[in-house]
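# Understanding the architecture of this molecule
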Amino acid sequence: MTTATIETAPAQRSRPFAWVQQSLTLAWRNIVRIRQNPEALADVTFQPIIFLVLFLFVFGGAIAQGGGWRDYLPFLLPGLLVQTVVFSTMGTGVGLNDDFAKGVFDRFRSLPIARISPLIGAVLGDAVRYMLSIAILMATGFALGFRFDNGLGYGLLGLVIVLGFALSMCWIWVWLGLTMKTAQGVQGIAFLVMFPLTFGSNIFAPTSTMPAFLQAFAKVSPIPYLVDLERALMGGGPIQKPLLVTLAWMIGLVAVFAPLAIRAYRRRT
């Protein structure tokens, strides 16, 4: 029995694309863990509703210049969709750091699996959280009267793109989750980055109304371009430039932070 086990382990490693099956298996592990611990979904279930209701009814009358919250809703919801999903990505890094603290990755290291499989599994498993957050926010928006004025196809494309951006951005937090000592540290750094990145953008108000230094910051941030793309796809407007910039950012984030995360994983294990 021992000899057979020793002989099959290298064979599993040498199978082409075996890491795909291994990553999907570990992703399912994360999904099952979420199902067994539903309170972990509190941030992606209640936060989108609370944010939408608060910002819509608190700022709607002022920012819409007397038009009321109904006029503000088509402007706010695409931007809030971006903020909600971007905030959800930091949970990936926090969860990875917590798994390392509990010794979960020590068990993964003893298995005949590809080095990258646990990381991809964590990212794909958290994609369920992102999709749930998107679904809840959009359902709340539709209940309040939001519609895809540019057509259902473009609207669904906007949801796919924002999900893809989240999967790209979460590699930042995977890297931080593997390099920082505590989950609290990862969460603290994440909030320090997330707040200026999202609130210092065009999510809640046009950047033209902001001071010059914030406008300059918005021009080099990916968030305003993604927000412009979501508004264009859902409500109409120019698509080409924000789409190209967003895709470039998505590719760049994965190209830079995925190798850094893999290197950090190898050092830590």
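Coordinates for the structure precede this section.
Scoring rules and cut-offs
- Residues numbered from 1 in each chain as written.
- Predicted model: local features only at pLDDT ≥ 70, side-chain atom pairs only at ≥ 80, totals over all residues.
- Heavy atoms only, no water.
- Helix = DSSP H or I, 4+ residues; strand = E, 2+ residues; numbered from the N terminus.
- Buried < 20%, exposed > 50% of the residue type's maximum accessible area, 1.4 Å probe, protein only.
- Contact = heavy atoms within 4.5 Å.
- Areas by Shrake-Rupley, 256 points an atom, 1.4 Å probe, with all protein chains shown as cover.
- Phe/Tyr/Trp six-rings, centres within 6.5 Å; stacked < 30°, edge-to-face > 60°.
- Lys NZ or Arg CZ within 6 Å of the ring centre and 35° of its normal.
- Axes fitted to C-alpha atoms, helices over the stretch in contact; angles between N-to-C directions.
- Parallel < 35°, antiparallel > 145°, perpendicular 65-115°, else oblique.
- Left-handed = near helix turned anticlockwise from the far one by under 90°.
- Nonpolar A, V, L, I, M, F, W, Y, C, P; charged D, E, K, R; others polar.

## Regarding the overall build of the protein
In terms of regular secondary structure, the protein is built from 11 helices and zero strands. The order of α-helices and β-strands along the protein, N terminus first, is α-α-α-α-α-α-α-α-α-α-α. When the 269 residues of the protein are sorted by exposure, 46% land in the buried category. Taking as baseline every contact in the protein between residues at least 6 positions apart, the subset at least 24 positions apart corresponds to 79%. Entry remark: accessible area of the protein is about 13,500 Å², with carbon and sulfur atoms responsible for 67%.

## A look at the packing of aromatic side chains
Scanning the entire structure with this criterion turns up 14 aromatic pairs. Between Phe142 and Phe148, the ring centres sit 5.4 Å apart and the planes meet at 90°, which makes this aromatic pair edge-to-face. One aromatic cluster in this structure is built from Phe51, Phe55, Phe87, Phe191, Phe195, Phe199 and Phe204. Here the basic side chain of Arg231 rests over the ring of Phe75, its NZ or CZ set 3.6 Å away from the ring centre.

## Regarding the packing of helix α4 (residues 69-101) against helix α8 (residues 183-199)
Following both chains from N to C, one finds α4 and α8 inclined at 165°, their axes separated by 9 Å at the closest point. Considering the angle they form, α4 stands roughly antiparallel to α8. In this structure, α4 meets α8 at a crossing whose hand is right-handed. Facing Gln83, Val86, Phe87, Thr89, Met90, Gly93, Val94 and Asn97 of α4, the residues of α8 in contact are Ala183, Val186, Gln187, Ala190, Phe191, Met194, Phe195, Thr198 and Phe199. Taken together, the residues that form the contact of α4 with α8 break down as 11 nonpolar, six polar and no charged.

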